Amino acid sequence: MSTKKSKSDICDYLDWRGDLPFAVSPFNEVDALILCQLSYLNFTKLAPSSFDSSIKLSELSKLFFASSDFEKRSDLGMLIDPKSNELLKKSGSSARFGDIEVTGFLSEYDEKIEEQFSATTFIFNEGGLLEKQQVFVAFRGTDDTLIGWKEDFNLAFLEKVPAQEDAKAYLQKVADTYKKAELFVGGHSKGGNLAIYSASHLDEKLKKNLASVYNFDGPGFSQESLDSNEFFSVKSKIRSFFPQFSIVGMLFHHYETRKIVLSDEKLVMQHNPFSWFVKGISLEEKDGLDSGSELFFKSFNLWFEKITPAQREQFVETIFGLLGSTNAVTNSDLSRDWFKNSGKIIKAFASLDTEIRDEAVKIAGDFLKTVVQTAIKKDSVTETL
């Protein structure tokens, strides 16, 4: 007899909880994850870009599925779960989410400055039934574009990246526009990093309206940033969630408070929120990270702190320069003809300046060496105990 645990995900949550308005069952972490996942969808020309007008999520959903370019609009690439489209349909037709107003949709992509950024604002008041108007800002995580992923890697050597500055400006504008509202902000993957960064840099007078900051498996920050007054001022409002095997979320540092979520996927695929277990109005908790994720976290940060910012930059530029030699724009492009593209990458690597090539190999080797040393040290401590 199978003992595999039955799973409910965020779509199942809408089947179970979708008929209850927020006035009856208050906003929770599962609702936050749903809104963050919806931010991956392309609402260009469907949702207002300014805060002067809005559209109900129920109507936005209908427009999305009836759009003449639906096939292209609904293609999220190889890294974003296509169930996101189903999530929009379910949430749009539910009593809980259908009347949410969507506004301020912004999507930026700039190869020159290496930026991929998108944000969506959701407003819920339920006809005045809530004690206070609530506003949720969702920052999109890294999408299928290689530029989006390069911007993530740029965090390794830059104090700030363009998406963080845009997120800061966007949240400030929302806070200025809805001064009397209770403010929530969140994101999945890079979106979680943007949520924390923008909240920490919010005008001090408006931080009092900030209710919660949701980080769903987003990369962290330098320890210096976390120790700063800006970040520390929102520390108590940050709610971080990581799957049991987290890789993206284990990049750099976080505050110690976190929730580890049960997932039914394997390894890095646990980054997908549709693989996370939902129990009631919460994400189902696990005791701790898997040993492989803990090992990556310790190894990566030990290695990262040993190499110089210049080495980090050269390594990132080398890696993405090699990927760029394929002329791929997205990860989907890259994988579509992997055999041919891998040949181009090998050829480009061979043609690199000898010094740059040797340095890249050395840095990669140092990382693998750090992983092995950390694993041996961990095993030695375990045996001693």
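The following paragraphs examine the structure supplied in this document. These numbers come from a predicted model, not from an experiment. (Residues numbered from 1 in each chain as written. Predicted model: local features only at pLDDT ≥ 70, side-chain atom pairs only at ≥ 80, totals over all residues. Heavy atoms only, no water.)

## What about the environment of alanine 32?
Alright, step 1. Within the fold, alanine 32 resides in helix α2 (residues 29–38).
Alright, step 2. Measuring from C-alpha to C-alpha, the distance between alanine 32 and arginine 239 comes to 11 Å, with 207 residues separating the pair along the chain.
Alright, step 3. Other than its neighbours up to four places away in sequence, alanine 32 contacts Phe27, Phe136, Tyr214 and Phe216. (Helix = DSSP H or I, 4+ residues; strand = E, 2+ residues; numbered from the N terminus. Contact = heavy atoms within 4.5 Å.)

## A closer look at the side chain of aspartate 152
Alright, step 1. Looking at the element boundaries, aspartate 152 is found in helix α6 (residues 146–154).
Alright, step 2. Nearest to the buried, unbridged aspartate 152 among oppositely charged side chains is lysine 190, at 4.2 Å.
Alright, step 3. Apart from residues lying up to four places away in sequence, aspartate 152 is in contact with Thr142 and Lys190. (Buried < 20%, exposed > 50% of the residue type's maximum accessible area, 1.4 Å probe, protein only. Lys, Arg positive; Asp, Glu negative; His and termini not counted. Salt bridge = Lys/Arg side-chain N within 4 Å of Asp/Glu carboxyl O.)

## Points about a nonpolar patch on the surface
Alright, step 1. Residues Leu267, Val268 and Met269 make up a contiguous nonpolar surface patch of about 290 Å² in total accessible area.
Alright, step 2. Relative to the elements of secondary structure, methionine 269 occurs in the loop between β8 (259–261) and β9 (278–279). (Patch = residues over 30% accessible without salt bridge, like charges linked within 9 Å, V, L, I, M, F, W, Y side chains within 5 Å. Areas by Shrake-Rupley, 256 points an atom, 1.4 Å probe, with all protein chains shown as cover.)

## Things to note about the environment of leucine 171
Alright, step 1. Considering the arrangement of structural elements, one finds leucine 171 in helix α7 (residues 162–177).
Alright, step 2. Considered as a pair, leucine 171 and alanine 138 are 33 residues apart in the sequence and their alpha carbons are 9.7 Å apart.
Alright, step 3. Beyond its immediate sequence surroundings of up to four residues, leucine 171 is in contact with Val137, Phe139, Leu183, Val185, Ser198, Ala199 and Leu202.

## Considerations on helix α11 (residues 291–306)
Alright, step 1. For α11, spanning 16 residues, the distance from its first C-alpha to its last is 23 Å, which sits close to the expected 22 Å at 1.5 Å a residue.
Alright, step 2. Among the residues of α11, Ser293, Leu295, Phe296, Ser299, Phe300, Asn301, Trp303 and Phe304 are the ones counted as buried. (Expected span 1.5 Å × (residues − 1).)

## Quick look at α6
Given 3.6 residues per helical turn, the α-helix brings residues three or four places apart onto the same face.
Alright, step 1. For α6, a buried count of seven out of nine residues is recorded, marking the element as mostly surrounded by other parts of the structure.
Alright, step 2. Three or more residues of α6 are buried, namely Leu146, Ile147, Gly148, Lys150, Glu151, Asp152 and Asn154.
Alright, step 3. Looking at the buried side of α6, the elements it contacts are β2 (101–110), β3 (115–124), α7, α8 (190–200), α12 (309–324) and α13 (331–336).

## Some points on the pairing of β3
Alright, step 1. In terms of residue burial, β3 counts as a mostly covered element, since 10 of its 10 residues are buried.
Alright, step 2. Burial along β3 is two-sided: Glu115, Phe117, Ala119, Thr121 and Ile123 and Gln116, Ser118, Thr120, Phe122 and Phe124, pointing in opposite directions, are all buried.
Alright, step 3. Taking the residues that link successive antiparallel strands as the turn, the β2-β3 hairpin has four residues, and the phi of glutamate 114 there is positive, at about 60°.
Alright, step 4. As judged from the six bridges shared by β3 and strand β4 (residues 134–139), these two strands associate in the antiparallel manner. Residue pairing in the sheet places alanine 119 in a bridge with phenylalanine 139 of β4. (Pairing = 2+ DSSP bridges.)

## A closer look at the side chain of serine 332
Alright, step 1. In this fold, serine 332 is placed in helix α13.
Alright, step 2. Serine 332 has contacts with Gly77, Met78 and Asp144, leaving out every residue within four places of it along the chain.

## What about the nonpolar core?
Alright, step 1. Core analysis: the largest hydrophobic core is formed by 43 residues, its most contacted members being Phe27, Ile34, Leu35, Leu38, Phe122, Phe136 and Phe216.
Alright, step 2. Elements that contribute at least two residues to this core include exactly α1 (10–17), α2, α3 (57–66), α5 (83–92), β2, β3, β4 and β6 (210–216).
Alright, step 3. Tallying contributions element by element places α2 first for this core, with seven residues.
Alright, step 4. Those residues within four positions of phenylalanine 122 in sequence are excluded, and the remaining contacts are Leu35, Leu38, Leu57, Ile100, Glu101, Val102, Gln134, Val135, Phe136 and Ala138.
Alright, step 5. In this structure, Tyr170, Ile196, Tyr197 and Tyr255 belong to the second largest nonpolar core, which totals 32 residues. (Core = buried A, V, L, I, M, F, W, Y, C linked by side-chain atoms within 4.5 Å.)

## Some details on the pattern of salt bridges
Alright, step 1. A complete count under the given rule lists 16 salt bridges for this structure.
Alright, step 2. Between aspartate 15 and lysine 90 there is a salt bridge whose closest N-O contact spans 2.7 Å. Within this pair, whereas aspartate 15 is found in helix α1, its partner lysine 90 is found in helix α5, the two being separated by 75 residues in sequence.
Alright, step 3. Classification of aspartate 15 by relative accessible area gives exposed; the value is 53%.
Alright, step 4. Of the charged contacts, one joins lysine 190 and glutamate 151 as a salt bridge, the two residues approaching to 2.8 Å between their closest N and O atoms. In this pair, lysine 190 is assigned in helix α8 and glutamate 151 in helix α6, connecting sequence segments 39 residues apart. Comparing lysine 190 with glutamate 151 shows no difference in burial state: the two are buried.
Alright, step 5. Connected through salt bridges with shared partners, the residues Glu29, Arg239 and Lys259 form a single ionic network.

By themselves, these figures tell us nothing about what the structure is for.
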